[in-house]
Amino acid sequence: MTLALDGGTPVRDTPFPTVSDASGRTFGAAEAAAAARVVASGALWRVTGTEVDALEREFADYLGVGHAVASTSGTAALHLAVAAIDPEPGDEVIVPPITDFGTVIAVLACNAVPVFADVDPVTGCLTAETVAAALSERTRAVIPVHLFGGPAPIDEIVALCRPRGIAVIEDCAQAYLTVPDGGSTWAGTRGDIGCFSLQQSKHISAGDGGLTVTGDPALARRMRLFADKGWPRDTGERTHLFYGLNYRMTELVGAVARVQLTRLADVVAARRSVARRLVDDLADLPGLRLPEPAEIERHSFWLFPMLLDPAVAGADNERFGAALAAEGIPVTAGYLDRPVYLNPALTERHAFGTSNFPFTSPPARAEMRYAAGDCPVAEDLIDRTLLVLQCNERFTERDVADIVEAVRKVSKHHAR
Ligand SMILES: Cc1ncc(COP(=O)(O)O)c(C=O)c1O
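Rules of the game
Residues numbered from 1 in each chain as written. Predicted model: local features only at pLDDT ≥ 70, side-chain atom pairs only at ≥ 80, totals over all residues. Heavy atoms only, no water. Disulfide = S-S within 2.5 Å. Buried < 20%, exposed > 50% of the residue type's maximum accessible area, 1.4 Å probe, protein only. Helix = DSSP H or I, 4+ residues; strand = E, 2+ residues; numbered from the N terminus. Contact = heavy atoms within 4.5 Å. UniProt positions renumbered as here; feature names shortened; annotations may be inferred. Near = heavy atom within 4 Å. Polar contact = N/O pair within 3.5 Å; in protein donor to acceptor, adjacent residues only side chain to side chain. Areas by Shrake-Rupley, 256 points an atom, 1.4 Å probe, with all protein chains shown as cover. Nonpolar A, V, L, I, M, F, W, Y, C, P; charged D, E, K, R; others polar. Pairing = 2+ DSSP bridges. Right-handed = clockwise from strand over helix to strand, strands pointing away.

1. Quick word on the state of the cysteines
Link 1 in the chain: Per the counting criterion, the structure on display carries zero disulfides.
Link 2 in the chain: For the unlinked cysteine C172, the closest cysteine sulfur is that of C195, found at 7.3 Å.
Link 3 in the chain: A relative accessible area of 0% places C172 in the buried class.
Link 4 in the chain: In this structure C375 is not part of a disulfide, and its nearest cysteine sulfur, from C125, lies 14 Å away.

Following this line, the structure appears as structure tokens:
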């Protein structure tokens, strides 16, 4: 069968459900009613409303942690977390090179410097070994990302960091209800702080929004104040105890997010069942590595990752991905165009004017520079082996069948 890329008929010529609009989202009458309820109340900010307070309680209870603090985005949620750790300018925070730039923004916004540790060649996540290799006397925190909804080895990273007084901040923006190894509790509750996003493309959404969780009341209070200008409103005083921002979630967002939270378990279950079918129907293809069947219940499939062995599959991720896209399949080769550290903001050390702060020494331990080759495993994933398929709770049997047919067609063509 001729590939669509070579002029053949594409497997699919209609769009798939997408997170960009109602076709791939779960917003319904209950969300509309929640938003209308807030408008009718006249209290659209959290200071005199009730919705965001209720969301924080409900989310903390859902995850079984003591505290949740709402904010305006996943990036803000991470900023709250790093700010609560309160690093000195130039202190180091270890991050993975395959993530959204929001992970790094949180570090830079605290005048700390990101140190990139390499990743596991299969999961794309930090490991205890790669984190250990990146530690220094200036390391204050590590931010493992549970990439695509797949669990990072969080318990091992915590075991490495806790005796050294290094905080572990779990970036769960892609990982609601992910279950890391070594227990049954969810990602976000194993480290010191967990950060979630309610942005349009996440498992649950209110357009934009963030939630940060912790079991530590002191960290929770610092985060709560940081999101509200350092203002301890609970004391009744108009004082500002430390630098903070206005990251207050609005009541409209809070009310919609509360309804979305009631849908979360179904969303994750539906994505796992899509993943199960893909794994069942694609497992025999040469040079294509899929999530292990036993891992499916631990993964929450924000995206569905596949790893190519180009020598066996007959194509690298760029070529395989272009062929799949031509067949009408929503796929991205490499997930990112480049590892996070090769973005101009970091290679040109451009955060605050022309100062190169905080990458200069002092305040940093050494002059911080970022360059190709820093994390070879991550670069290989992005450049050669990683392919990510969209995964959506609204995919029908037909949608999944079309993906399977297209992947088999492209595989057969190249493996010949
Ligand atoms: C892993 C990761 N971290 C952080 C973020 C930032 O979240 P937001 O877009 O809500 O600021 C995202 C989302 O894009 C993400 O996927």
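The rest of the description comes next.
2. Details of the side chain of T385
Link 1 in the chain: Structurally, T385 can be placed in helix α12 (residues 376–385).
Link 2 in the chain: If sequence neighbours within four positions are ignored, T385 has contacts with M306, L307, L308, P310, N317 and D380.

3. Notes on the UniProt feature "active site" (unreviewed entry) in the protein chain
Link 1 in the chain: According to UniProt, the "active site" (unreviewed entry) feature falls on K202.
Link 2 in the chain: Within the secondary structure layout, K202 lies in the loop between β6 (193–197) and β7 (210–214).
Link 3 in the chain: Leave out the neighbours within four places in its chain, and K202 touches R25, A173, Q174, Y176, S197 and W302.

4. Some details on the site of the ligand
Link 1 in the chain: Around the ligand sit 14 residues in total, of which G74, T75, D171, S197 and K202 are the nearest.
Link 2 in the chain: K202 is positioned with one of its side-chain polar atoms (N or O) 2.9 Å from an oxygen atom of the ligand.
Link 3 in the chain: For the ligand, the accessible surface in isolation is 380 Å², of which the surrounding protein chains cover 92%.
Link 4 in the chain: Ranked by residue count, the leading element in the shell around the ligand is helix α3 (residues 74–85), at three residues.
Link 5 in the chain: The residue inventory of the shell around the ligand, partitioned by class, reads three nonpolar, eight polar and three charged.

5. With respect to unusual backbone geometry
Link 1 in the chain: The amide bond that connects F357 to the next residue, P358, takes the cis arrangement and shows omega of 0 degrees.
Link 2 in the chain: Note the cis peptide between S361 and P362, where omega equals -10 degrees.
Link 3 in the chain: Relative to the helices and strands, P362 is located in the loop between α11 (344–347) and α12.
Link 4 in the chain: For K229, which is not glycine, the phi torsion reads 65 degrees and is therefore positive.
Link 5 in the chain: Take K229: it is sitting in the loop between α7 (217–226) and α8 (251–282).
Link 6 in the chain: The partly exposed category is assigned to K229, whose relative accessible area is 35%.

6. Considering the sheet that holds strand β10 (residues 331–333)
Link 1 in the chain: Strand order in this open sheet of four strands is β8-β9-β11-β10, and the pairing throughout is antiparallel. In this open sheet, the two edge strands, each paired with only one partner strand, are β8 (288–289) and β10.
Link 2 in the chain: Of the pairings in the sheet, the one linking strand β9 (residues 303–308) to strand β11 (residues 386–390) comprises five bridges and is antiparallel in character. Bridge pairing links P305 to V388 in β11.

7. Overview of the pairing of strand β5 (residues 167–171)
Link 1 in the chain: The element β5 is extensively covered by neighbouring structure, given that five of its five residues are classed as buried.
Link 2 in the chain: Judged by which residues are buried, β5 turns out to be covered on both faces: A167, I169 and D171 on one side and V168 and E170 on the other are all buried.
Link 3 in the chain: By the bridge criterion, two bridges tie strand β4 (residues 139–142) to β5 in an arrangement that is parallel. Within β5, the residue paired with A141 across the bridge is A167.
Link 4 in the chain: Viewed along the sheet, the connection from β4 through helix α6 (residues 154–161) into β5 turns out right-handed.
Link 5 in the chain: Sheet analysis places β5 next to β6, joined by three bridges and oriented parallel. Within the sheet, the bridge partner assigned to E170 lies in β6 and is G194.

8. Remarks on the side chain of E51
Link 1 in the chain: Locating E51 in the fold gives a position in helix α2 (residues 51–63).
Link 2 in the chain: Residue classification places E51 among the buried positions, given a relative accessible area of 5%.
Link 3 in the chain: Of the polar contacts made by the side chain of E51, one reaches the side chain of R258; its length is 2.8 Å.

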